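A closer look at the structure
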Amino acid sequence: DRHAGLALRDPIEAQDAVLALHKVQIAGAHSDQGGGALEVTGGSVLLDAVDIHDSDGRNGGALSAVNADVTITGSTFPGNTATSHGGAVFVSYPTSLAVKGSTFDGNTAIGQGGAMYLEGRTATASLDVSGTFTGNSSRNEGGAIYVRTTSDGLKDGKLTIGSATFTGNAGNVG
């Protein structure tokens, strides 16, 4: 059950591609633009038993995903920081999002969403989240998760939270 380790100076970037990581550990990655460790635009990202820690980025200390399918299972995100939104994970206009059995611990966002920031027209996307959210914080809304839906003339979407535990998360508003 060992993880392969990566030390990144710049994030892994994928555009209109499939990025799949299994049993990988990423520590100390940094980006001034998007996600600290991973930046995905279009396509899909699958993180299975991945550990991304102590990384920082503008939107998503660990992962930024825009217009992509996002699947995260059995992964851990401790100690990541976003200078804007999504201390660990930033997801914008996903085609689908599933987070299962993952742990978000001690992540920080200067903006919104201490652990996760989710935005978009969710009427066309399935947003399903479960896991453990402990000690995450934001200076604004959403100590653990911040959800921003835009209607664009469509019915506002919804986030389904399954088996999840929230402990000691803090935001100035929620």
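Up top you'll find the structure we're talking about.
These numbers come from a predicted model, not from an experiment. (Residues numbered from 1 in each chain as written. Predicted model: local features only at pLDDT ≥ 70, side-chain atom pairs only at ≥ 80, totals over all residues. Heavy atoms only, no water.)

1. Some words on the overall build of the protein
Rules: Secondary structure is summarised from DSSP: a helix means a run of H or I of at least four residues, a strand means a run of E of at least two, and numbering begins at the N terminus for each. Residues are treated as being in contact if the distance between any of their heavy atoms lies within 4.5 Å. Per-residue and other accessible areas were derived by the Shrake-Rupley procedure at a 1.4 Å probe size, with only the shown protein chains allowed to occlude residues.
From N to C terminus, the protein includes 0 helices and 21 strands. Intrachain contacts of the protein at a sequence separation of at least 6 include 79% that bridge at least 24 residues. Only carbon and sulfur atoms are counted for the fraction: they give 47% of the accessible area of the protein, which is about 7,600 Å².

2. Let's talk about the nonpolar core
For clarity, the threshold we go by: Definition used in this section: a nonpolar core is a set of buried Ala, Val, Leu, Ile, Met, Phe, Trp, Tyr and Cys residues joined via side-chain atoms within 4.5 Å. Relative accessibility decides the category of a residue: with a 1.4 Å probe and only protein chains considered, values under 20% of the type maximum give buried, values over 50% give exposed, and everything between is partly exposed.
Ranked by internal contacts, the top residues of the largest apolar core, which has 33 residues, are L38, L47, L63, F77, V89, F104 and M116. Considering every element that reaches this core, the biggest residue donor is strand β14 (residues 96-105), with 3 residues. Setting aside residues up to four positions removed in sequence, L63 forms contacts with G35, L38, V40, L47, V70, I72, A88, V89 and F90.

3. Observations regarding unusual backbone geometry
Although it is not a glycine, D16 adopts a positive phi angle of roughly 50°. Among the structural elements, D16 can be located in the loop between β2 (12-15) and β3 (18-22). Within the chain, N67 stands out as a residue other than glycine whose phi angle is a positive 55°. Structurally, N67 can be placed in the loop between β9 (63-66) and β10 (69-73).

4. Examining the pattern of salt bridges
Convention followed: We define a salt bridge as a side-chain nitrogen of Lys or Arg found within 4 Å of a carboxyl oxygen belonging to Asp or Glu.
Enumeration according to the criterion identifies 1 salt bridge in this entry. Taking the shortest distance from any N to any O, the salt bridge between R148 and E119 comes out at 3.0 Å. With R148 in strand β19 (residues 145-149) and E119 in strand β16 (residues 116-120), this residue pair connects regions lying 29 residues apart in the sequence. Residue class for R148 comes out partly exposed when judged on its relative accessible area of 36%.

5. Describing the sheet that holds strand β12 (residues 81-82)
Just so we agree on the cut-off: In this scheme, strands are said to pair when DSSP sees at least two bridges between them.
The strand order across the open sheet built from 5 strands is β8-β12-β15-β18-β21, with neighbouring strands paired in parallel fashion. The sheet is open, and its two borders are formed by β8 (56-57) and β21 (170-173), each paired with just one other strand. The pairing of β12 with strand β15 (residues 108-109) spans 2 bridges and is parallel. Within the sheet, the bridge partner assigned to A82 lies in β15 and is A109.

6. Quick look at the sheet that holds β9
We count it as follows: Geometry is summarised by axes, namely lines fitted to C-alpha atoms with helices restricted to the contacting stretch, and by angles between N-to-C directions that run from 0 to 180 degrees.
Strands sit in the order β2-β5-β9-β13-β16-β19 across an open sheet of 6 strands; the sheet is parallel. Because the sheet does not close on itself, it has two edges, and the strands there are β2 and β19. When strand polarity is set aside, the average angle formed by the axes of neighbouring strands in this sheet is 5°. In this structure, strand β13 (residues 89-92) lies alongside β16, joined through 4 bridges in parallel fashion. For V91, the partnering residue across the bridge sits in β16 and is L118.

7. A closer look at the packing of aromatic side chains
Here is the rule we go by: Centres within 6.5 Å make a pair out of two Phe, Tyr or Trp rings, where for Trp the six-membered ring is used; the pair is then stacked when the planes are under 30 degrees apart, edge-to-face when over 60, and tilted otherwise.
Overall, the coordinates contain 5 aromatic pairs when judged by the stated rule. Seen in terms of ring centroids, F77 and F104 are 4.9 Å apart; in terms of plane orientation they differ by 10°. Their pairing is stacked. On the criterion of sequence distance, the pair formed by F77 in strand β11 (residues 76-78) and F104 in strand β14 is long-range, its members being 27 residues apart. Considered together, F77 and F104 belong to a single accessibility category, that of buried residues. Between the aromatic rings of F104 and F133, the centroid separation amounts to 4.9 Å while the plane-to-plane angle is 0°, which identifies the pairing as stacked. Within this pair, whereas F104 is found in strand β14, its partner F133 is found in strand β17 (residues 126-134), the two being separated by 29 residues in sequence. Residue F104 is classed as buried on the basis of its relative accessible area, which comes to 0%. Overall, the relative accessible area of 0% leaves F133 in the buried class. Grouping aromatic residues by their ring pairs yields a cluster made of F77, F104, F133 and F166.

So far we have only geometry, and geometry alone does not tell us how the molecule works.
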